[in-house]
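Letter by letter, the chains look like this.
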Amino acid sequence: MMAVSGWGYENWGANVFWGMAAMGVLALFIKVEPGKNGVKDIQEKPQPEPQN
């Protein structure tokens, strides 16, 4: 992505900002659905007793 941004800046100068802004606006409309195995509940395991 950095190489593409550098190439765009070289060709279009600071106007490459508008291209990046357009990509950001498009990204706002992408719907992301959580997976079936979302956040798992992790219970604390009992600690083993130290041996003397």
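Every chain begins its residue count from 1, and numbering advances along the sequence as written. Only residues with pLDDT of 70 or above have their local features reported here, since the model is predicted, and side-chain atom pairs are shown and tallied only from 80 upward, although totals for entire chains, interfaces and linings are computed over all residues. The side-chain quantities take in all heavy atoms of the structure and omit both hydrogens and water.

1. Side note on the overall build of the chain
Move 1: Each helix corresponds to a stretch of at least 4 residues labelled H or I by DSSP, and each strand to a stretch of at least 2 residues labelled E; elements are numbered beginning at the N terminus. The helix and strand inventory of the chain stands at two helices and zero strands.
Move 2: Under the scheme applied here, a residue whose accessible area is under 20% of the maximum for its type counts as buried, over 50% as exposed, and between as partly exposed, the area being computed with a 1.4 Å probe on protein chains only. Expressed as a percentage of its 52 residues, the buried residues of the chain come to 4%.
Move 3: When the accessible surface of the chain is split by element, carbon and sulfur atoms take 62% of a total near 5,800 Å². All accessible-area figures derive from a Shrake-Rupley calculation using a 1.4 Å probe, and residue coverage is judged against the displayed protein chains alone.

2. Looking at helix 1 (residues 2-12)
Move 1: Across the 11 residues of helix 1, one count as buried, placing the element largely on the outside.
Move 2: A positive phi of about 65° marks G13, the residue just after helix 1.

3. Focus: the pattern of salt bridges
Move 1: We count a salt bridge whenever a side-chain nitrogen from Lys or Arg sits within 4 Å of a carboxyl oxygen from Asp or Glu. Using the criterion set out here, one finds one salt bridge in the structure.
Move 2: The salt bridge partner of E33 is K31, with a shortest N-O separation of 3.9 Å.

4. Concerning a nonpolar patch on the surface
Move 1: There is a patch of nonpolar side chains on the surface, built from M1, M20 and M23 and spanning about 340 Å² of accessible area.
Move 2: Here M1 shows up in the segment before helix 1.
Move 3: The class for M1 is exposed, based on a relative accessible area of 68%. Note on patches: the residues involved have over 30% relative accessible area and no salt bridge, like charges join within 9 Å, and the nonpolar side chains Val, Leu, Ile, Met, Phe, Trp and Tyr join within 5 Å.

5. What about the packing of aromatic side chains?
Move 1: Here a pair means two rings of Phe, Tyr or Trp (six-membered ring of Trp) with centres within 6.5 Å. Their orientation is stacked below 30 degrees between planes, edge-to-face above 60, and tilted elsewhere. Scanning all chains against the criterion turns up two aromatic pairs.
Move 2: With 5.4 Å between their ring centres and 75° between their planes, W7 and W12 make a pair best called edge-to-face.
Move 3: Pairing F17 with W18 gives two aromatic rings, centres 4.9 Å apart and planes at 75°, and the pair type is edge-to-face.
Move 4: Classification of F17 as partly exposed rests on a relative accessible area of 48%.
Move 5: Residue W18 is classed as exposed on the basis of its relative accessible area of 59%.

6. Examining the UniProt feature "transmembrane region" (unreviewed entry) in the chain
Move 1: UniProt positions are given in the numbering used here, feature names are shortened, and annotations may be inferred rather than shown by experiment. Residues annotated in UniProt with the feature "transmembrane region" (unreviewed entry) correspond here to residues 12-30.
Move 2: Secondary structure over residues 12-30 splits into 68% helix and 0% strand, and the C-alpha atoms at its two ends are 27 Å apart.

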